[in-house]
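Fold and geometry: a report
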Amino acid sequence: MEKINSVERFNEVIATDGAIVIFDTTWCPDCRRLEMFIDDIINSHNQVSWHSIDKDEFPEIAEKYNVMGIPSLLYYKNGEKLGHLHSANAKSPEQVNEFLQEVGI
């Protein structure tokens, strides 16, 4: 999973034909829990690209896309946000897989 390190790169990523961006931070325990199972999900849903971005490093992006809690998974296609899994619902592999199914991945 690529870590996004600039606003320009974020804009490039979301303009593609399908990308998941995970908003997280270094201090978040739920983000560390997500790390324990996300690789298996990425491997089984590799028709989209997967990226992470630190919410604390890019608060303007988080605010623009209504990311209030972390981790949050957002699905983008051609620059449009088509799905948002909020932090309260991103705590298990089942919740993440259900979200991916709902957005058609």
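All values reported here derive from a predicted model rather than from experimental measurement.

Definitions and limits used
Residues numbered from 1 in each chain as written. Predicted model: local features only at pLDDT ≥ 70, side-chain atom pairs only at ≥ 80, totals over all residues. Heavy atoms only, no water. Buried < 20%, exposed > 50% of the residue type's maximum accessible area, 1.4 Å probe, protein only. Helix = DSSP H or I, 4+ residues; strand = E, 2+ residues; numbered from the N terminus. Arc of directions from axis to C-beta. Contact = heavy atoms within 4.5 Å. Pairing = 2+ DSSP bridges. Axes fitted to C-alpha atoms, helices over the stretch in contact; angles between N-to-C directions. Polar contact = N/O pair within 3.5 Å; in protein donor to acceptor, adjacent residues only side chain to side chain. Core = buried A, V, L, I, M, F, W, Y, C linked by side-chain atoms within 4.5 Å.

Focus: helix H5 (residues 93-102)
Considered for burial, the residues of H5 that qualify are Val96, Phe99 and Leu100. All buried residues of H5 lie within an arc of 100° about the axis, which places them on one face of the element. Exposed residues on H5 whose side chains face more than 90 degrees from its buried face are Glu94, Gln101 and Glu102. Looking at the packing, one finds that the buried side of H5 touches strand S2 (19-24), helix H2 (29-35), helix H3 (38-44), strand S3 (49-54), strand S4 (72-77) and strand S5 (80-85).

A word on the sheet that holds S5
Strand order in this open sheet of five strands is S1-S3-S2-S4-S5, and the pairing throughout is mixed. In the strand order of this sheet, the two ends are held by strand S1 (2-3) and S5, each with one partner. Bridge count for S2 against S3 is six bridges, and the pairing is parallel. Following the sheet pairing, phenylalanine 23 is matched in S3 by isoleucine 53. Here helix H1 (residues 7-14) sits on the sheet in contact with S1, S2, S3 and S4, set at roughly 140° to S2. With respect to the sheet, H5 is in contact with S2, S3, S4 and S5, its orientation differing from that of S5 by roughly 150°.

Observations regarding H1
The periodicity of an α-helix, 3.6 residues per turn, causes residues three or four places apart in sequence to face the same way. Listed as buried for H1 are Phe10, Val13 and Ile14. On an axial view of H1, the arc spanned by its buried residues comes to 90°, and they lie on one face. Of the surrounding secondary structure, the elements contacted by the buried residues of H1 are S2, S3, helix H4 (59-64) and S4.

Some details on the side chain of serine 72
Note on placement: serine 72 falls in strand S4. A relative accessible area of 1% places serine 72 in the buried class. In terms of polar contacts, serine 72 uses its side chain to reach the backbone carbonyl oxygen of glycine 69, at 2.6 Å. Not counting chain neighbours up to four residues away, the residues in contact with serine 72 comprise Val21, Ile22, Phe23, Val67, His84, Leu85, His86 and Ser87.

A short note on the nonpolar core
Grouped together as the largest cluster of nonpolar side chains are 18 residues, with contacts concentrated most on Phe10, Val21, Phe23, Ile53, Ile61, Tyr65 and Tyr76. Taken together, the elements giving at least two residues each to this core come down to H1, S2, H4 and S4. The residues contacting phenylalanine 23, other than those within four sequence positions of it, are Phe10, Ile53, Ile61, Ala62, Val67, Ile70, Pro71, Ser72, Leu74 and Tyr76. Core analysis: the second largest hydrophobic core is formed by 17 residues, Leu34, Phe37, Ile41 and Val48 among them.

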